[in-house]
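Spelled out from the first residue to the last, the chains are:
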Amino acid sequence: GENVEQHPSTLSVQEGDSAVIKCTYSDSASNYFPWYKQELGKRPQLIIDIRSNVGEKKDQRIAVTLNKTAKHFSLHITETQPEDSAVYFCAASSGGNNRLAFGKGNQVVVIP
Amino acid sequence: DVKVTQSSRYLVKRTGEKVFLECVQDMDHENMFWYRQDPGLGLRLIYFSYDVKMKEKGDIPEGYSVSREKKERFSLILESASTNQTSMYLCASGTGGYEKLFFGSGTQLSVL
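These numbers come from a predicted model, not from an experiment. (Residues numbered from 1 in each chain as written. Chains lettered and ligands numbered in written order. Predicted model: local features only at pLDDT ≥ 70, side-chain atom pairs only at ≥ 80, totals over all residues. Heavy atoms only, no water.)

Right, let's talk about the pattern of salt bridges for a bit. Evaluated as defined, the whole model comprises 10 salt bridges over all chains. A network of salt bridges, in which partner residues are shared, links D49(A), K57(A) and K100(B). (Salt bridge = Lys/Arg side-chain N within 4 Å of Asp/Glu carboxyl O.)

It is worth spelling out the sheet that holds strand β1 (residues 4-7) of chain A at this point. Residues and elements named next belong to chain A. Strand order across the open sheet formed by 5 strands is β1-β3-β8-β7-β6, with antiparallel pairing between neighbours. Both outer strands of the open sheet, β1 and β6 (56-59), are each paired with one neighbouring strand and no more. For this sheet, the mean inter-axis angle between neighbouring strands, taken without regard to orientation, is 15 degrees. Two strands pair when backbone bridges link them, and strand β3 (residues 19-25) and strand β8 (residues 72-77) are joined in this way by 6 bridges, in the antiparallel orientation. In the sheet register, V20 faces β8, and the bridge partner there is H76. (Pairing = 2+ DSSP bridges. Helix = DSSP H or I, 4+ residues; strand = E, 2+ residues; numbered from the N terminus. Axes fitted to C-alpha atoms, helices over the stretch in contact; angles between N-to-C directions.)

Moving on, we come to the sheet that holds strand β8 (residues 73-78) of chain B. Residue and element names in this part refer to chain B. Taking strand neighbours across the sheet as the criterion, the 4 strands line up as β1-β3-β8-β7 in an open arrangement whose pairing is antiparallel. On the outer flanks of this sheet lie β1 (4-6) and β7 (64-70), each paired with one strand and no other. Adjacent strand axes in the sheet meet at a mean angle of 20 degrees, parallel and antiparallel pairs treated alike. Bridging between strand β3 (residues 19-25) and β8 involves 6 bridges; their strand directions are antiparallel. Within β8, the position partnered with C23 by the bridge is F74.

Residues and elements named next belong to chain B. Tracing the backbone through its elements, the reader meets Q25 in strand β3. A distance of 2.9 Å separates a polar side-chain atom of Q25 from the backbone oxygen of H29. Excluding anything up to four places from it in sequence, Q25 contacts K3, V4, M32, R68, K71, E72 and S93. (Polar contact = N/O pair within 3.5 Å; in protein donor to acceptor, adjacent residues only side chain to side chain. Contact = heavy atoms within 4.5 Å.)

Looking now at the interface of chain B and chain A. Residue-level contacts link 25 residues of chain B with 20 residues of chain A. Interface area for chain B against chain A, summed over the two sides, is near 1900 Å², with a carbon-plus-sulfur share of 50%. Among the residues chain B hides against chain A, the three largest losses belong to L43(B), Y98(B) and F103(B). Together they make up 33% of the total. Counting across the chain B and chain A interface gives 1 salt bridge. Notably, a salt bridge pairs D49(A) with K100(B), separated by 3.0 Å at the nearest N-O pair. Where chain B touches chain A, the interface holds 7 residue pairs in polar contact (both at pLDDT 80 or more). Secondary-structure elements contributing two or more residues to the side of chain B that touches chain A are β4 (31-38) and β5 (42-49) of chain B. (Buried area = accessible area lost by both parts, 1.4 Å probe.)

As structure tokens, then:
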């Protein structure tokens, strides 16, 4: 099945700086890559997703890029704010068997 | 707004007890999922269902079973709870397979 890895596990950034989280996946047939944000004590929520026929997608201060050849995709957060502090999970579709494989999560800490 | 409701936020049970975790969604989603979240391990899929009375094993189904008698309700059952099942359990629902999942607030289960 699909195996998704996230790096780094913890990332600290100064408020206003950019944060980048990278994920790698193993199954070249995977075609859907979402990112979920989980604030402390709250439920995970979808913040952005990308399909394999697109190389980049942007939504205000967040963007996701996909490199299918290298089998990795990244979340970019610009002009970080304290409310960006959270655990971010990447995921990849596990082929046609109707499920997502999640990475282990990245803790992002934005220092005011 | 989509609402995914889990019946209990915190639950304490004893080893060997039968435990029911309930999840209800109000958006007529076909697909429902049960995940387990442990520190450093991310979100791991236990079971999922893409239709009433249908169920599929996820990545860690051992020690669990599920029931989906109505479209809006998906129950996770621990037949005989063990201490290694102490965890945060997250229910999710979605339409179109695994895309754009909506998560419940989670049930923190402690097995003593």
